[in-house]
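A closer look at the structure
Chain residues, written in single-letter form:
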Amino acid sequence: NAGVMQNPRHLVRRRGQEARLRCSPMKGHSHVYWYRQLPEEGLKFMVYLQKENIIDESGMPKERFSAEFPKEGPSILRIQQVVRGDSAAYFCASSPRTSGEADTQYFGPGTRLTVL
Amino acid sequence: GQNIDQPTEMTATEGAIVQINCTYQTSGFNGLFWYQQHAGEAPTFLSYNVLDGLEEKGRFSSFLSRSKGYSYLLLKELQMKDSASYLCAVRGGNDYKLSFGAGTTVTVRA
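Here the structure is a predicted model, which is why all the values come from computation and not from measurement. (Residues numbered from 1 in each chain as written. Chains lettered and ligands numbered in written order. Predicted model: local features only at pLDDT ≥ 70, side-chain atom pairs only at ≥ 80, totals over all residues. Heavy atoms only, no water.)

What to know about the sheet that holds strand E8 (residues 75-79) of chain A
Residue and element names in this part refer to chain A. Across the sheet, four strands lie side by side as E1-E3-E8-E7; this open sheet has antiparallel pairing. Edge positions in the sheet fall to strand E1 (5-7) and strand E7 (65-68), since each of these pairs with one other strand and no more. Geometrically, the sheet is characterised by an average inter-axis angle of 15° between neighbouring strands, direction not taken into account. Taken together, the three bridges between E1 and strand E3 (residues 19-24) define a ladder with antiparallel strand orientation. What sits directly across from Met-5, in E3, is Ser-24. (Pairing = 2+ DSSP bridges. Helix = DSSP H or I, 4+ residues; strand = E, 2+ residues; numbered from the N terminus. Axes fitted to C-alpha atoms, helices over the stretch in contact; angles between N-to-C directions.)

Structure, rendered in structure tokens:
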């Protein structure tokens, strides 16, 4: 049973370019969460999605950031016009449902974004 | 909002026991999770507590006191491979998102 998949593992962008981060949840999981981890800081929640729905994007900056989880294909976190402050590790997690221990979130290996 | 506190660093000797404390102040509570994260890798799930008491899983145990807003992760018979960051995370009431502490870096020495 494959775990959460993320690609690319490393991404380098110049200021002003776009970054697209992909996440495929574990088989059977329909809930996806994106977190950002800055150096020496804890993971910070960004957005929670179910298939074709954004449930909570309260942790995502209002500008330049967007996320989607289409009916088919991976979830995408998109950052437009990247700035140096966007450099971080972006982790995706998935879970099967939202109550009880079965809703443990399992994390992917992350995408490390470096903005030059 | 959520406030999760845990020590920054701890050092212990191979074969010893280490206890990592976590205190939290949250608006509502729906479970506390511990994750292990090796440098450059994904956080991996270790334990989950939602009721008061001790949960034991092999060499790892986790304790929760909801009235005190307190948890600890106990690592026994430490091995070199246990050197990692340990993350305490709380799921708030009616919430699904996890609020993480900054993590405790544990270094195991021979």
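Some points on the pattern of salt bridges
Summed over the entire model, instances satisfying the criterion amount to eight salt bridges over all chains. With a closest N to O distance of 2.7 Å, Arg-64 of chain A and Asp-86 of chain A form a salt bridge. Separated by 22 residues along the polypeptide, Arg-64 of chain A in the loop between strand E6 (53-56) and E7 and Asp-86 of chain A in the loop between E8 and strand E9 (88-95) bring together distant segments of the chain. Overall, Arg-64 of chain A belongs to the partly exposed group, its relative accessible area being 25%. Using a relative accessible area of 3% as the deciding quantity, one classes Asp-86 of chain A as buried. As a salt-bridge pair, Arg-91 of chain B and Asp-103 of chain A come within 3.3 Å of each other at their nearest N and O atoms. On the criterion of chain membership, the pair formed by Arg-91 of chain B in strand E9 (residues 84-91) and Asp-103 of chain A in the loop between E9 and strand E10 (106-107) is interchain, its members lying in two chains. As far as burial versus exposure is concerned, Arg-91 of chain B and Asp-103 of chain A are alike and both buried. Connected via shared salt-bridge partners are Glu-18, Arg-20 and Arg-78 of chain A. (Salt bridge = Lys/Arg side-chain N within 4 Å of Asp/Glu carboxyl O. Buried < 20%, exposed > 50% of the residue type's maximum accessible area, 1.4 Å probe, protein only.)

Section: the interface of chain A and chain B
Counting from both sides, the interface comprises 23 residues of chain A and, opposite them, 17 residues of chain B. Summing both sides of the interface, chain A and chain B together bury roughly 1,700 Å²; the carbon and sulfur share of this comes to 56%. Counting across the interface, chain A meets chain B through two salt bridges. Of the charged contacts, one joins Asp-56 of chain A and Lys-97 of chain B as a salt bridge, the two residues approaching to 3.1 Å between their closest N and O atoms. Taken together, the links from chain A to chain B amount to eight residue pairs in polar contact (both at pLDDT 80 or more). Contributing elements (two or more residues each) for the side of chain A that touches chain B: strand E4 (31-37), strand E5 (43-50), E6 and E10 of chain A. (Contact = heavy atoms within 4.5 Å. Buried area = accessible area lost by both parts, 1.4 Å probe. Polar contact = N/O pair within 3.5 Å; in protein donor to acceptor, adjacent residues only side chain to side chain.)

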